[in-house]
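# Descriptive structure summary
Each chain, written out:
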Amino acid sequence: MKIINPATEETITEIEEDNTETIRRKFEMLSKGQREWATVETAHRIAVIQRFYHLLEEHKNELAHTLTSEMGKPLQQSFNELNGARTRIKYFIEHSQKYLQEEWITTDGTTKEKIVFEPLGVIANISAWNYPYLVGVNVFIPALIAGNAVMYKPSEYTTLTGLHIQNLLHSSGVPENCFQTVTGGRVVGEMLLELPLDGYFFTGSYKTGKYIAERVAQKMVPCQLELGGKDPLYVMEDVVDIEKTAADALEGVVYNNGQSCCAVERIYVHEKVYDAFVAAYTNQCSKLIIGDPLDETTGIGPLSRKEQQAFLLEQVEDAVNKGAIVLCGGKALPRKGYYFEPGVLVNVNHSMKLMTEESFGPVVGIQKVKDDAEARELMKDTQYGLTAAVYSNSFERAEKVMQKMDCGSVYWNCCDRVSATLPWSGRKHSGLGSTLSYQGIRAFVQPKAYHIRGIN
Ligand code: NAD
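Procedures and definitions
- Residues numbered from 1 in each chain as written.
- Predicted model: local features only at pLDDT ≥ 70, side-chain atom pairs only at ≥ 80, totals over all residues.
- Heavy atoms only, no water.
- Salt bridge = Lys/Arg side-chain N within 4 Å of Asp/Glu carboxyl O.
- Helix = DSSP H or I, 4+ residues; strand = E, 2+ residues; numbered from the N terminus.
- Buried < 20%, exposed > 50% of the residue type's maximum accessible area, 1.4 Å probe, protein only.
- Pairing = 2+ DSSP bridges.
- Axes fitted to C-alpha atoms, helices over the stretch in contact; angles between N-to-C directions.
- Parallel < 35°, antiparallel > 145°, perpendicular 65-115°, else oblique.
- Left-handed = near helix turned anticlockwise from the far one by under 90°.
- Contact = heavy atoms within 4.5 Å.
- Nonpolar A, V, L, I, M, F, W, Y, C, P; charged D, E, K, R; others polar.
- Near = heavy atom within 4 Å.
- Polar contact = N/O pair within 3.5 Å; in protein donor to acceptor, adjacent residues only side chain to side chain.
- Areas by Shrake-Rupley, 256 points an atom, 1.4 Å probe, with all protein chains shown as cover.
- Domains from an automatic or database assignment.

## Description of the pattern of salt bridges
Under the counting rule described, the total for this entry stands at 25 salt bridges. Residue Arg442 is joined to Glu103 by a salt bridge in which the shortest nitrogen-to-oxygen separation is 2.9 Å. Pair noted here: Arg442 is in helix H14 (residues 439-442) and Glu103 is in strand S3 (residues 103-106), with a separation of 339 residues, a long-range link. In this structure Arg442 comes out as partly exposed when scored by relative accessible area, which is 25%. Salt-bridge contacts for Glu314 lead to Lys353; the nearest nitrogen and oxygen are separated by 3.2 Å. Within this pair, whereas Glu314 is found in helix H11 (residues 307-321), its partner Lys353 is found in the loop between strand S15 (343-346) and strand S16 (363-369), the two being separated by 39 residues in sequence.

See the structure below:
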C-alpha cells in the first residue's frame, strides 16, 4: 500500500497491508491478552494511559509532521489536534474510575443490589482519517481503560499515524496483546467484519457505517457509529458583530481543509443582515492563504483524497446549473497536490446537492431566509443529525430554534466544536450511540446486575 503526500502527490513510503492470516493471528493474541488485561486494576490501566498522554506531548513534533504529510492539514492544526486529543485523554484519566467502579443500588432489606461494569472483550475500532487522534482516542482510550483489547484499523489515509499510535501505546505499557493495529483499506476492514469480535466502533461515512451496521447486526454485539453531517448555521438579524460571526462561520467551514464531520456545511442568514454577512464572509474567505501545509502561514492545505476534488466540483456544477452564483473559489487549483480553492455560493436552495449532500470540503452555500420559522424548517430538512448552530444576541430566541433540531449537539454563538465532557453523538444518518463524557466511558462496558441475598 502506497502512502501518498496529498500536497505533493509523491509517495512517502510503502507499507505491507494485513491479510486474513495476520489478522487471525492478531485476533488470537488479543483474545488471550484481553482476559489478563481485564483482571488488572483500573488504576493501573489508567496509569498506563497517563504515560501515553505524556508521550504524545514528548513526540508531538514528529507526530504532527507525519500527520500533516500524510493527510495535508496545516501543521498548526496537527499540533492543535494532538493538544485536543490530550484534553480528551485527561478527561478519561480523571473520570473513568468513577464510572467504572461497581455501583451499590440497594443496601437495605433482605435483597441487596449492585451493578458491576464488565468490559466487552476484544473490540474493533475502524477509524477515519480526518482527525485520527481525536476520533481514535474517543474509542481506544476508554476501551483500554475499561479492560478491553482493541483491534485498531486506522484509515488507509493515515496509516503512519496509526502505527505511531500503536508504538506509543506499547511504549506506555499497554501490552502488545491488548492493542494491535491492522493496516489496509476497505478490504482489510471487511476482514474485521468476519471476526467474532465483541463490539464494533466505527467512525466514517454514512454509506460504510450503514453497511457495517447491517453486517454486524447478525452478531448481536454493540455497534456504534460516528458518521457524517450536513450541519447548518443560522445567523439572526440581531447578531452584534457581523465580521466576527462571518469569521466563526468561515472557520467552521474551512478548518481542517473543510474535512470535519461537524463542519458548517450550509449557512442561512436573515434577510436584514444577509448582504452584510455575505460581503464579510466572502471578503474573509478570499484572503485565506492556500498552500504547503508544512508552511506556518498556510490556512488551507490540500484535500486528503484526490477523488474529493472531482466530488466537490460536481456539487458546485450541479448548484450552478440550478441557478447558484459562485462569489469566490469553488475550483481545483492548477498545481500539484489536491488543492481546492475555498468556495462561496449564493442563490442556493435545497434542490442542489451542495445544500443536501455532505460536501466534506471547503465550500458552502449561503441562503437568505425571511424569519426564524423558515430558517428552522430549512435547517431540519436533512437526513443527517450531527450538529446545528445559531448566532444571535438572544439566547431565548436561539433556544427556540435549537430545541427543534433533531441532532446530537446544538451551539449558540459557536460552531464546529466537540467537548470531552459532553456526549458526542449523531442522530439519523449521523450515527448511533455516544462517545466522550460519562456515556463514552460506559459505552465500552456491559452492566451485570447482582441480586444478593443472605448477607447483612
Ligand atoms: P469511510 O467510510 O470511507 O472509511 C472509514 C473507515 O472504514 C476506513 O478505515 C476505511 O478503510 C474503512 N472501510 C471502508 N469500507 C469498509 C468496509 N466495507 N468494511 C469495513 N471497513 C471499511 O470514511 P472516511 O472517508 O475515512 O471518513 C470521512 C467520513 O467520516 C465523513 O463522512 C465524516 O463526516 C465522517 N466522520 C464522522 C465523525 C463523527 O464523529 N461523527 C468524525 C470523523 C469523520
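Still more ground to cover, so stick around.
## Some remarks on the sheet that holds strand S4 (residues 111-119)
Spatially, S3-S4-S24 is the arrangement adopted by the 3 strands of the open sheet, whose pairing is antiparallel. A single partner strand is all that each edge strand has here, and the edge strands are S3 and strand S24 (445-453). In this sheet, adjacent strand axes meet at a mean angle of 25° when their direction is disregarded. Looking at chain direction, S3 and S4 are connected through 3 bridges and run antiparallel. Each bridged residue has a counterpart across the sheet, and for Thr106 the counterpart in S4 is Glu113.

## Some words on the packing of helix H7 (residues 186-194) against helix H8 (residues 206-217)
Contact pair H7 / H8: the axes reach a minimum separation of 10 Å and the direction vectors enclose 25°. Classed by the angle they form, the pair H7 and H8 counts as roughly parallel. The two elements H7 and H8 cross, and the hand of that crossing is right-handed. Contact residues: H7 offers Glu190, Leu193 and Glu194, while H8 offers Tyr211, Ile212, Arg215 and Val216. Here the contact of H7 with H8 is composed, by residue class, of 4 nonpolar, no polar and 3 charged.

## Considering the site of the ligand
Ser127, Glu156, Ser205, Leu227 and Glu358 are the nearest of the 30 residues found near the ligand. Between an oxygen atom of the ligand and a side-chain N or O atom of Lys153, the distance comes to 2.9 Å. Measuring from a nitrogen atom of the ligand, one finds a backbone N or O atom of Leu227 at 2.7 Å. When isolated, the ligand has an accessible area of 860 Å², and the protein chains bury 93% of it. For the shell around the ligand, the secondary structure elements donating two or more residues are H7, strand S8 (199-203) and H8. A class-by-class count of the residues in the shell around the ligand yields 13 nonpolar, 10 polar and 7 charged. Inspection of the shell around the ligand shows a minimum of three residues originating in each of domain 1 (2-227 + 430-453) and domain 2 (231-412).

## Remarks on the packing of helix H2 (residues 42-58) against helix H4 (residues 75-100)
Running from amino to carboxyl end, H2 crosses H4 at an angle of 170°, the nearest separation of the two axes being 10 Å. In terms of axis orientation, H2 runs roughly antiparallel to H4. Of the residues in H4, those in contact with Thr42, Ala43, Ile46, Ile49, Gln50, Phe52, Tyr53, Leu56 and Glu57 of H2 are Leu82, Asn83, Arg86, Ile89, Lys90, Ile93, Ser96, Gln97 and Leu100.

Don't take any of this as a statement about function, it's just geometry.
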